[in-house]
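Summary of structural features
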Amino acid sequence: MISIQSFDGPLNVAVIGASGGIGSAVVSALEDATNVARIFAFSRQIRNYGNASKVTAGQLDLLREESISNAAKSLKSSAPLHLVFLASGLLHQSTEMQPEKTWNNLDPTAMEHAFKINSIGPALVAKHFLPLLAKNQKSVFAALSARVGSISDNGLGGWYSYRASKSALNMLLKTFAIELARQNASALCVGLHPGTVDTRLSKPFQRGVPPGKLFTPAESAAYLLSVIGELGPEDSGKVFAWDGSEVPA
Ligand SMILES: NC(=O)c1ccc[n+]([C@@H]2O[C@H](COP(=O)([O-])OP(=O)(O)OC[C@H]3O[C@@H](n4cnc5c(N)ncnc54)[C@H](OP(=O)(O)O)[C@@H]3O)[C@@H](O)[C@H]2O)c1
């Protein structure tokens, strides 16, 4: 049993991308958390969590703003939310979208799709969900980014679309954080790097990951919820890794 530190409970949490490797582990960890009252789990395909569960499932497709705004509207009577955890994202998709090894692989359609899922969709989620965050107490909007979105940390090159779409996400989160501070001084907006996690997103790229550095989704979820618990007002707009260290811009 865990409890998410430094919030005034009981907490209402929305998880977007709840069907993913990390997203579903976050939902499970929140189910076990003693100070979480309700979890609203959004994904493209609605999952049945059972009537006894504190999880309510909802539909959300990042490619359709109407579905994002409807998802947010469906929570109005359950608001305020104390945590919005965006766990969606895309690195590859069958043969038509693979991370680029060289600029020769750049394909405008694949690039556009990466930005739609990794930058624009999350921005629209922020647009519709930030107004639901609790006021006058700690509340957090956290989106899964990736260390490869750091411009100063880019030593290897490659993965153009994924890197750039995550850098764009980080800039969007910083910009949302500035406006959010004016409207809701106790609310935070951050990016998170989950580590290298054994999910369908990382499967083709796990060779070469040092032993002990490939986390299970449950391990990563526990680290990330602990990082969220430690966040303070000065942290809004930044990106943090699973171990609590700041990822440079
Ligand atoms: N795994 C890692 O090692 C790693 C490392 C660094 C960063 N990350 C980041 O962590 C996040 C989660 O990754 P993961 O490893 O858990 O990947 P995953 O298992 O592939 O999960 C991806 C999630 O994104 C959702 N998604 C994709 N397109 C969507 C759309 N149009 N509308 C709504 N949801 C959509 C998927 O929904 P469906 O189930 O409907 O497809 C799924 O829930 C991503 O942002 C990723 O960049 C992961």
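In what follows, the accompanying structure is described. Computed from a predicted structure; not experimentally measured.

Counting 40 residues, the largest nonpolar core has Val15, Leu30, Phe85, Val140, Leu192 and Ile228 as the members making the most contacts within it. Broken down by secondary-structure element, the contributors of at least two residues to this core are β1 (11-16), α1 (21-32), β2 (36-43), β4 (83-86), β5 (139-144), β6 (187-193), α5 (217-230) and β9 (239-241). Ranked by residues supplied to this core, first place goes to α1 with six residues. In this view, leucine 192 contacts Phe85, Ala142, Ala143, Leu144, Ser145, Ala146, Leu224, Val227, Ile228, Val239 and Phe240; residues no more than four positions away in its chain are not counted. Counting 35 residues, the second largest nonpolar core, distinct from the first, contains Ile68, Ile117, Ala123 and Leu133.

Let us now look at the site of the ligand. In the vicinity of the ligand lie 28 residues, with Ser19, Arg44, Ser88, Tyr162 and Thr199 positioned nearest. Here an oxygen atom of the ligand and a backbone polar atom of serine 88 are 2.7 Å apart. Here an oxygen atom of the ligand and a side-chain polar atom of arginine 200 are 3.1 Å apart. Here the ligand, which alone exposes 890 Å², has 92% of that area covered by the protein.

Moving on: the packing of aromatic side chains. Two aromatic rings are characterised by how far apart their centres lie and by the angle between their planes. The full count for this structure, using the stated rule, is six aromatic pairs. Here the aromatic rings of phenylalanine 42 and phenylalanine 129 are separated by 6.0 Å at their centres, their planes lie at 80°, and the arrangement is edge-to-face. Of this pair, phenylalanine 42 sits in strand β2 while phenylalanine 129 sits in helix α3 (residues 108-129), placing them 87 residues apart in sequence. Each member of the pair phenylalanine 42 and phenylalanine 129 is classed as buried. Site record: aromatic cluster; members linked through ring pairs are Trp159, Tyr162 and Phe205.

Once that is clear, we can look at the packing of α3 against helix α4 (residues 160-183). How two helices pack is summed up by the angle between their axes together with the distance between the axes. Put simply, α3 and α4 touch, their axes get as near as 8 Å, and they point 15° apart. Classified by the angle their axes make, α3 and α4 are roughly parallel. Considering only the axes of α3 and α4, their crossing is right-handed. Contacts between α3 and α4 involve Met111, Ala114, Phe115, Asn118, Ser119, Pro122, Ala123, Ala126 and Lys127 from the former and Ser161, Tyr162, Ala164, Ser165, Lys166, Ala168, Leu169, Leu172 and Phe176 from the latter. For the contact of α3 with α4, the per-class residue count stands at 12 nonpolar, four polar and two charged.

This paragraph deals with the side chain of asparagine 118. By the element assignment, asparagine 118 lies in helix α3. By relative accessible area, asparagine 118 is classed as buried at 1%. A polar side-chain atom of asparagine 118 sits 3.1 Å from a polar atom in the side chain of serine 165. Apart from the residues lying within four places of it in its own chain, the contact partners of asparagine 118 are Gly89, Leu90, Tyr162, Ser165, Lys166 and Leu169.

A separate point is α5. Between the first and last C-alpha of α5 there are 20 Å, a value that for 14 residues agrees with the 20 Å anticipated at 1.5 Å per step. For α5, the complete set of buried residues consists of Pro217, Ser220, Ala221, Leu224, Leu225, Val227, Ile228 and Gly229.

The subject of this paragraph is the packing of α1 against α5. The contact between α1 and α5 brings their axes to 8 Å, and the two run at 65°. Between α1 and α5 lies a crossing whose hand is right-handed. Along the contact surface, α1 presents Gly21, Ile22, Ala25, Val26, Ala29 and Leu30, while α5 presents Pro217, Ala218, Ala221, Leu224 and Leu225.

Locating alanine 123 in the fold gives a position in helix α3. Under the relative-accessibility criterion, alanine 123 is labelled buried at 14%. Measuring from C-alpha to C-alpha, the distance between alanine 123 and glycine 229 comes to 23 Å, with 106 residues separating the pair along the chain.

Right, let's talk about the pairing of β5 for a bit. Summarising burial for β5: six of the six residues are buried, a large majority. Going residue by residue along β5, you find Ser139, Phe141 and Ala143 tucked away on one face and Val140, Ala142 and Leu144 tucked away on the opposite face as well. Of the pairings in the sheet, the one linking β4 to β5 comprises four bridges and is parallel in character. The partner of phenylalanine 85 across the bridge, within β5, is alanine 142. With α3 bridging β4 and the parallel β5, this β-α-β connection has right-handed handedness. Direction of pairing for β5 relative to β6: parallel, over a ladder of six bridges.

Definitions and cut-offs
- Residues numbered from 1 in each chain as written.
- Predicted model: local features only at pLDDT ≥ 70, side-chain atom pairs only at ≥ 80, totals over all residues.
- Heavy atoms only, no water.
- Core = buried A, V, L, I, M, F, W, Y, C linked by side-chain atoms within 4.5 Å.
- Buried < 20%, exposed > 50% of the residue type's maximum accessible area, 1.4 Å probe, protein only.
- Helix = DSSP H or I, 4+ residues; strand = E, 2+ residues; numbered from the N terminus.
- Contact = heavy atoms within 4.5 Å.
- Near = heavy atom within 4 Å.
- Polar contact = N/O pair within 3.5 Å; in protein donor to acceptor, adjacent residues only side chain to side chain.
- Areas by Shrake-Rupley, 256 points an atom, 1.4 Å probe, with all protein chains shown as cover.
- Phe/Tyr/Trp six-rings, centres within 6.5 Å; stacked < 30°, edge-to-face > 60°.
- Axes fitted to C-alpha atoms, helices over the stretch in contact; angles between N-to-C directions.
- Parallel < 35°, antiparallel > 145°, perpendicular 65-115°, else oblique.
- Left-handed = near helix turned anticlockwise from the far one by under 90°.
- Nonpolar A, V, L, I, M, F, W, Y, C, P; charged D, E, K, R; others polar.
- Expected span 1.5 Å × (residues − 1).
- Pairing = 2+ DSSP bridges.
- Right-handed = clockwise from strand over helix to strand, strands pointing away.

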